[in-house]
Amino acid sequence: MINAELLIKFLEACTNGRCLIQLHSVTIKSGLAHNTFFAAKLIDLYSRFANLRISRKLFDETPNRALCNWNRILKCYCRDKQYKKSMFLFSHLFSSGKLDLHTIQIALKACAGHKALDFGNIIHAFVRKSDGIGRNLFVGSALIELYSKCGKMDIAVQVFEEFPEPDTVLWTTIITGYEQNRYPIQALDYFARMAIAEGVTLDPIALISVVSACTKLLNLKAGRSVHGYMIRVGLQNSLSLLNSLLNLYGKTGSVNAASNLFMIMEEEDVISWGSMIACYAHHGCPEEALNLFNEMEARGIEPNVVVLFSALQACEATYNLEQGIKIHILAVGIKLDSDILVSTALIDMYMNCCSPDDAIEVFDKMPERDAFCYSALIHGCVQNGKACKSIQSLANMLADDFQPDCFDLVRILTACSELGVLQQTSCIHGFAIRAGLNNNVFFGASLVESYAKCGSLDGSIAVFTGIGDRDVVIWSSMLAAYGYHGKGREALELFHQMIKHSSVRPNDVLFLSLLSACSHAGLVQEGIEMFNTMVKDYNLTPNPKHYAIVVDLLGRIGELDKAMEFINQMPEPVEPNVWGAFLGACRIYQNMRMGEIAAMKLRELDASEIGHYVMLSNMYAVDEKWGDVADVRKLVEEKQLKKVSGHSVVEVRDEVCMFVANDKSHQESKHIYELLITLQGMMKEEFWIRGGGTVVRTTRSFPLNENVTLLPKTACLFKCCY
């Protein structure tokens, strides 16, 4: 028969459930199963290596249960985070009055875990009445943890101050409490007091909380001081502490410090790799982030959510679709693709890499969604020209009880502007008023522009008038709104009103809106005067867009020589859009000599705007230079430039309908084209449409140009059908 001492050693050496069952059998055969010590040990081991239900069964079957058996089962429930059951058992024990310091500690830990403040207050009251227990440092630490977890730092401090000579554990608990309750300054204050207290050793847990507080404050100087102290006391190999320092350096943008620390670390875990990858990805080093991610993968370290999120952000920043797809496949393989953070990062990555269909597919497969993934989808759809999908996504977002923020609404207004749907703009306006978002400056500016682009200048004026505190963004948007409607003189009047009656100083964007308004209205002289005002009176440096508008203004009145002189005075290099504006003017006045100069400059700049080459081709075609036309077309093919398909949009019965050239996908297309053919016959009777686009009334019957696009007509006819 095995003796008790040897059985104790075997139980202490037990590391798995199979071994435990055998030892339990031996304990029963030895007649020690009901011994309170062995019963407590078996309760603990079953909770570790088998099932807590078996531990509870052993506890219930133990006759004459001692306090150690109660403490052990209470601790097992706490360790398994079944705090409610632990508190329930403690309430039975509490009525018997058989408690010790260990019991109180476990009960307070359960209260802290369950955030049961009222129950904890009862225990605290008992502690105050009990001699000796209330002065115990471990009980004091448990009380501070309870009040910290429940957000009652004022009471936690009162408990702390009751101990004239707090030890390391007590100091650490109060510092951690302040840090976890988002009081980083107070955490650092208590750390400073701890550092000068006699007989107190700073442990890694306290230092982790201090570094975390420095991170919240973005206090790099204090963090470096902690790092120096770590080295002096020999804690530079504490992995958790080093990870917290990596996080600090990453959050404060100290890329070199983080990189140097990571390189000298003797041991790294997935948190270390994730912190370093995030540091690179978020501070302008996305290529380094991807290289480090690939190195991590090559070492066989499985990434977590944070690592995948940061790596996908790096792919987004570098437009690296190929790497992004590989990370997506990896996420699927380790079953993290459905995580809401990873899915949102995938949506952002695919959208930024111009693969909106893949992003939409990721969104559709998400088991759970939040406001952030909806925002990513909405922003990406607008960015990739899927305006209708973005508006539909907003409707789905609201149907799922998620509230869009101001930036989401700004994006939706961009989509409304692109589609020209006035009713949708009005709906967004009404929603913003109800949600209290209409006072945001950027939303107001976007609303002014959206109304204007959707054809309602009166709507823009009404919104602008209703904004009391107007900044330069609002003024600029209203000037642009006048410009869209060819109201150049009204734009100039508004500008002078702003200068005279407000303290707003115009910036380069505002002058761009003003110059554009002058250009649309044909106010050449006034536009040039505004350009001079911008440069001379406000000392603003023009950008290529300003120069392009001035060139366009001069070109409108045929002053091509002055436009060329103006271009020659511009700082080098002259941007393609400036030469493009000049080429457009040359086409209007059929000046082939200057047009070819502009075309040559565009070729040198390797311009990728197909419209420039179309204009040049048309100029050659008018002069019947078919060889040059062929050369331009060949150049377009070599550059693989493609003309963006035009589309027309109409809003019928609250539904946005889009038509592209030769579109027959709509369910009413047969009816639409029948009406169009009828109208074509009528047009042949009255109009002759020349290739250049000029409409001339004639009494003769000329054949209708077969190349005339039917796109706007298709949309309008569909509208007329209703």
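Residues numbered from 1 in each chain as written. Predicted model: local features only at pLDDT ≥ 70, side-chain atom pairs only at ≥ 80, totals over all residues. Heavy atoms only, no water.

> Please clarify how the overall build of the protein chain should be interpreted in this entry.
Assigned secondary structure in the protein chain consists of 40 helices and four strands. Of all 722 residues assigned to the protein chain, the portion counted as buried reaches 45%. Look at the contacts in the protein chain between residues 6 or more apart in sequence, and 60% of them connect residues 24 or more apart. Roughly 37600 Å² of accessible area belongs to the protein chain as shown, and the carbon and sulfur atoms make up 52% of that amount. (Helix = DSSP H or I, 4+ residues; strand = E, 2+ residues; numbered from the N terminus. Buried < 20%, exposed > 50% of the residue type's maximum accessible area, 1.4 Å probe, protein only. Contact = heavy atoms within 4.5 Å. Areas by Shrake-Rupley, 256 points an atom, 1.4 Å probe, with all protein chains shown as cover.)

> Help me understand the confidence of the model for the protein chain, please; the structure alone is not making it clear to me.
Interpretation of the predicted coordinates at a detailed level should be avoided for regions scoring low in pLDDT. Taken over all residues, the pLDDT of the protein chain has a mean of 86, while the share at 70 or more is 89%. Taken as a whole, residues 688–711 scores under 50 in pLDDT and shows 33 contacts with residues more than four places along the chain or in a different chain. (pLDDT = per-residue confidence, 0-100.)

> Would you take a moment to explain the nonpolar core for this structure?
The nonpolar side chains of soluble globular proteins are, as a tendency, buried together. Residues Ile104, Ile174, Ile347, Phe443 and Phe582 are the most contacted members of the largest nonpolar core, which totals 213 residues. Among the elements that make up this core, the one with the highest residue count is helix H25 (residues 406–419) (eight residues). If near-sequence neighbours (up to four positions away) are discounted, Phe582 is found in contact with Val551, Leu560, Ala563, Met564, Ile567, Met594 and Ala598. (Core = buried A, V, L, I, M, F, W, Y, C linked by side-chain atoms within 4.5 Å.)

> Can you help me understand unusual backbone geometry in this one?
Residues apart from glycine generally show negative phi values, whereas peptide bonds are mostly found in trans. We note that Arg182 has phi near 65 degrees; this positive angle belongs to a residue other than glycine. With a phi angle near 60 degrees, Lys335 is a residue other than glycine that sits in the positive phi range. Inspection of the secondary structure assignment puts Lys335 in the loop between helix H20 (321–333) and helix H21 (340–352). Since its relative accessible area comes to 68%, Lys335 is described here as exposed.

> Mind showing me how you'd approach the packing of aromatic side chains here?
How two aromatic rings sit relative to each other is given by the distance of their centres and the angle of their planes. Following the criterion strictly, the structure yields 20 aromatic pairs and no others. When the ring of Phe90 is compared with that of Phe94, the centres are 5.7 Å apart and the planes differ by 40 degrees; the resulting orientation is tilted. Note that Phe90 and Phe94 are positioned in helix H6 (residues 83–96) at a spacing of four residues, about one turn of the helix. Here the aromatic cluster, defined as three or more aromatic residues joined through ring pairs, consists of Phe160, Trp171, Tyr178, Tyr183 and Tyr190. Positioned above the aromatic ring of Phe363, the side-chain terminus of Arg369 is 4.3 Å from the ring centre. Sitting above the plane of the Phe464 ring, Arg470 keeps its charged end 4.2 Å from the centroid. (Phe/Tyr/Trp six-rings, centres within 6.5 Å; stacked < 30°, edge-to-face > 60°. Lys NZ or Arg CZ within 6 Å of the ring centre and 35° of its normal.)

> How should helix H10 (residues 153–161) be read in this particular structure?
Counting along an α-helix, one turn takes 3.6 residues, and residues three or four places apart therefore face a common direction. Those residues of H10 lying buried are Met153, Ala156, Val157, Val159 and Phe160. An end-on view of H10 places all buried positions within 160 degrees of arc, on one side of the element. Those residues of H10 that are buried are in contact with helix H8 (117–129), helix H9 (137–149), helix H11 (168–180) and helix H12 (184–196). (Arc of directions from axis to C-beta.)

> What is the right way to look at the packing of helix H15 (residues 239–251) against helix H17 (residues 270–282) in this model?
In a packed pair of helices, the relevant descriptors are the angle between the two axes and the axis-to-axis distance. Interaxial distance between H15 and H17 falls to 9 Å at its minimum, and their mutual angle equals 10 degrees. Considering the angle they form, H15 stands roughly parallel to H17. Here H15 contributes Leu239, Asn243, Leu246, Asn247 and Gly250 to the contact with H17, which in turn contributes Ile271, Ser272, Ser275, Met276 and Cys279. Tallied by class, the residues present in the contact of H15 with H17 amount to five nonpolar, five polar and no charged. (Axes fitted to C-alpha atoms, helices over the stretch in contact; angles between N-to-C directions. Parallel < 35°, antiparallel > 145°, perpendicular 65-115°, else oblique. Nonpolar A, V, L, I, M, F, W, Y, C, P; charged D, E, K, R; others polar.)

> Teacher, can you tell me more about the pattern of salt bridges here?
Side-chain pairing between opposite charges can occur once the charged atoms of the two side chains come close. Applying the stated criterion across every chain yields a total of 15 salt bridges. The residue Lys453 makes a salt bridge to Glu449 at a minimum N-O spacing of 3.9 Å. A residue pair is termed a helical-turn pair when its members lie 3 or 4 positions apart in one helix, as Lys453 and Glu449 do in helix H27 (residues 441–453) at four residues. Accessibility expressed as a relative area gives 24% for Glu449, which makes it partly exposed. (Salt bridge = Lys/Arg side-chain N within 4 Å of Asp/Glu carboxyl O.)

> Please explain the packing of helix H24 (residues 387–399) against H25 as it appears in this structure.
Where H24 meets H25, the closest approach of the two axes is 9 Å, and the angle between their N-to-C directions is 140 degrees. Of the possible angle classes, the one that applies to H24 and H25 is oblique. Pair H24 / H25 crosses with left-handed handedness. The segment H24 lies against H25, with Ala387, Cys388, Ser390, Ile391, Leu394 and Met397 engaging Asp408, Ile412, Ala415, Cys416, Glu418 and Leu419. The residue inventory of the contact of H24 with H25, partitioned by class, reads nine nonpolar, one polar and two charged. (Left-handed = near helix turned anticlockwise from the far one by under 90°.)

> How do you make sense of the side chain of Ser275 when you look at a structure like this?
Its place among the elements puts Ser275 in helix H17. When near neighbours in sequence (up to four residues on either side) are disregarded, Ser275 contacts Asn243, Leu246 and Asn247.

> How should the state of the cysteines be read in this particular structure?
Here, disulfide denotes a covalent bond that connects the sulfur atoms of two cysteines. Overall, the coordinates contain zero disulfides when judged by the stated rule. Left unpaired, Cys14 is separated from the closest cysteine sulfur, that of Cys19, by 3.9 Å. (Disulfide = S-S within 2.5 Å.)

> Looking at this structure, how should I read H8?
Across its 13 residues, H8 extends 19 Å between first and last C-alpha, which sits within 8% of the 18 Å expected from 1.5 Å per residue. In this structure, the buried side of H8 is in contact with H6, helix H7 (101–114), H9 and H10. (Expected span 1.5 Å × (residues − 1).)

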